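# Fold and contact review
Each chain, letter by letter, is given below.
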Amino acid sequence: MDEPMLMQPEAEISATRVESAEPASGPVVSITGVGKIFGTGEKAVSALEDVSFDVQPGSFVALLGPSGCGKSTLMRLMAGLQPVTSGSIDFEGRSPEQMRKAREFGIVFQQPILFDWRTVQKNVELPLELIGVSKAEARARADEMLSLVGLQDFATKRPWQLSGGMQQRVAIARALAFRPRFLMMDEPFGALDMMTRERMQVELLRIWDSKPDITVTFITHSISEAVLLADRVVVMSARPGRVMKVIDVDLERPRFDDIRQSKEFVDIEGEIRELIYSQEN
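This structure is a prediction, so every number in the text was calculated from the model and none was measured.

### Quick notes on the sheet that holds strand E1 (residues 29-38)
Read from one edge of the open sheet, 3 strands run E2-E1-E4, paired in antiparallel fashion. The sheet terminates laterally at strand E2 (45-55) and strand E4 (86-90), the two strands that pair on one side only. The average angle at which neighbouring strand axes cross in this sheet is 20 degrees, direction not considered. Direction of pairing for E1 relative to E2: antiparallel, over a ladder of 7 bridges. Bridging from a neighbouring strand, Ile-31 pairs with Phe-53 of E2.

### Concerning the nonpolar core
The biggest cluster of nonpolar side chains holds 56 residues, and the ones touching the most others in it are Val-233 and Ile-272. Residue contributions to this core peak at 7 residues, all from helix H6 (residues 164-176). In contact with Ile-272, not counting residues within four places along its chain, are Leu-64, Ile-223, Val-227, Val-233, Val-235 and Ile-247. Counting residues in each nonpolar core, the second largest holds 25 residues, with Ile-31, Val-34, Leu-77 and Met-78 among its members.

### As for helix H7 (residues 194-209)
Counted at 1.5 Å a residue, the expected span for H7 with its 16 residues is 22 Å, and the 23 Å between its end C-alpha atoms agrees. Along H7, the residues classified as buried are Thr-196, Arg-197, Met-200, Gln-201, Glu-203, Leu-204, Leu-205, Arg-206, Ile-207, Trp-208 and Asp-209. At the N-terminal end of H7, a side-chain oxygen is found 3.2 Å from the backbone nitrogen of Met-195, two or three residues along, and the residue is Asp-193.

### Section: the UniProt feature "domain: ABC transporter" (unreviewed entry) in the protein
Within the UniProt annotation, "domain: ABC transporter" (unreviewed entry) is assigned to residues 29-263. Annotation note: span residues 29-263, helix share 32%, strand share 24%, distance between end C-alpha atoms 31 Å.

### A word on unusual backbone geometry
Geometrically, the link from Arg-239 to Pro-240 is a cis peptide bond, its omega value of -5 degrees lying close to zero. Here Pro-240 is to be found in the loop between strand E8 (232-236) and strand E9 (243-248). The backbone phi angle of Ile-113 is positive, close to 55 degrees, even though this residue is not glycine. Assessed through its relative accessible area of 52%, Ile-113 is described here as exposed. Phi is positive for Arg-179, which is not a glycine, with a value near 60 degrees. Tracing the sequence through the fold places Arg-179 in the loop between H6 and strand E6 (182-186).

### Section: the packing of aromatic side chains
The tally for this structure, following the rule as stated, stands at 7 aromatic pairs. The interplanar angle of 55 degrees and the centroid separation of 5.3 Å between the aromatic rings of Phe-91 and Phe-105 together place this pair among those described as tilted. On the criterion of sequence distance, the pair formed by Phe-91 in the loop between E4 and helix H3 (96-101) and Phe-105 in strand E5 (residues 105-108) is long-range, its members being 14 residues apart. Taking relative accessible area as the criterion, Phe-91 reaches 1% and is therefore assigned buried. Consider the rings of Phe-91 and Phe-182, whose centres lie 5.1 Å apart with planes at 80 degrees: the pair is edge-to-face. Here Phe-91, found in the loop between E4 and H3, pairs with Phe-182, found in strand E6; they are 91 residues apart in sequence, far enough to count as distant. In this structure, Phe-91 and Phe-182 share a single accessibility class: buried.

Parameters and conventions
Going along each chain's sequence as written, the residues are numbered from 1 onward. In keeping with the model being predicted, local features are shown solely for residues with a pLDDT of at least 70 and side-chain atom pairs are shown and tallied solely at 80 or more, while totals for entire chains, interfaces and linings include all residues. Computation of side-chain values: all heavy atoms of the structure, hydrogens and water removed. Think of it this way: DSSP has to see at least two bridges between two strands before they count as a pair. To qualify as a helix, a DSSP run of H or I must reach at least 4 residues; to qualify as a strand, a run of E must reach at least 2; elements of each kind are numbered from the N terminus. Lines fitted to C-alpha atoms define the axes, with helix axes restricted to the stretch in contact, and inter-axis angles between N-to-C directions lie between 0 and 180 degrees. Residues enter a nonpolar core if they are buried and are Ala, Val, Leu, Ile, Met, Phe, Trp, Tyr or Cys, with the set joined through side-chain atoms within 4.5 Å. Think of it in three bands: residues with accessible area under 20% of the maximum for their type are buried, residues over 50% are exposed, and the middle band is partly exposed, with areas taken using a 1.4 Å probe on protein chains only. Every residue pair with non-hydrogen atoms within 4.5 Å of one another is taken to be in contact. Helices are assigned an expected span. That span is 1.5 Å times one less than the residue count. Polar contacts here mean pairs of N or O atoms no more than 3.5 Å apart (in protein, one a potential hydrogen donor and the other a potential acceptor; neighbouring residues in sequence count only if both atoms are side-chain atoms). UniProt positions are given in the numbering used here, feature names are shortened, and annotations may be inferred rather than shown by experiment. Two rings from Phe, Tyr or Trp (for Trp, the six-membered ring) form a pair when their centres are within 6.5 Å of each other. A pair whose planes differ by under 30 degrees is stacked, one over 60 is edge-to-face, and the rest are tilted.

Here is the structure:
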């Protein structure tokens, strides 16, 4: 099924994100000396080692690195799904576990994980039902989020009737239905074809621009994707994953696909590529 094209006036997008860009008093997430070891003794595997960086409120941070470098592990630690072995992750004085229990996180995985026997609307409502939100409130939130991702006309469809990109939009709508402060995305476009992936990148920017209070952490293997989306790119080494460098992406927002052709974009992309390849050499 073809993707419905969504448009929003550039001035409107820009105003939304610019208004949210107030001076930050400090980081909303502080990751300090984090290490993660799986197993014990001779079978112990070090996935992460001495990982440190900060995340500013309302920012978009991309975690970039080779397969097996611990990006997904780091996200699970940040989401409170696994404990750290060493170091700390602090959300303005609260632990990841406390944040998770307070439902401050929305998580989107590579596969949308939708239930084919439920409509799109009911898939978005499901987690709200499980936490006891009233039917009326769950319906209202689902309507709001489906409108946000441009799928309000597909509410009664089943997931199997949608394209891969549309299914992933449903997953994003479901994650945002909690009204989380943090959106964590683990290679959400990795299974899509290149053309759909690039459309979804621009679509994600549009969605994020309309939710200026949400802080995004995004895992990717793609240098171009990281530069297009992020304010900061955390470049990680091969296992055990370490932070090689945190690169600020000082590109004007709002961003659209044509920014990939700009000299500034190409220069940042080249800096990251050189950093990663220097490690391999």
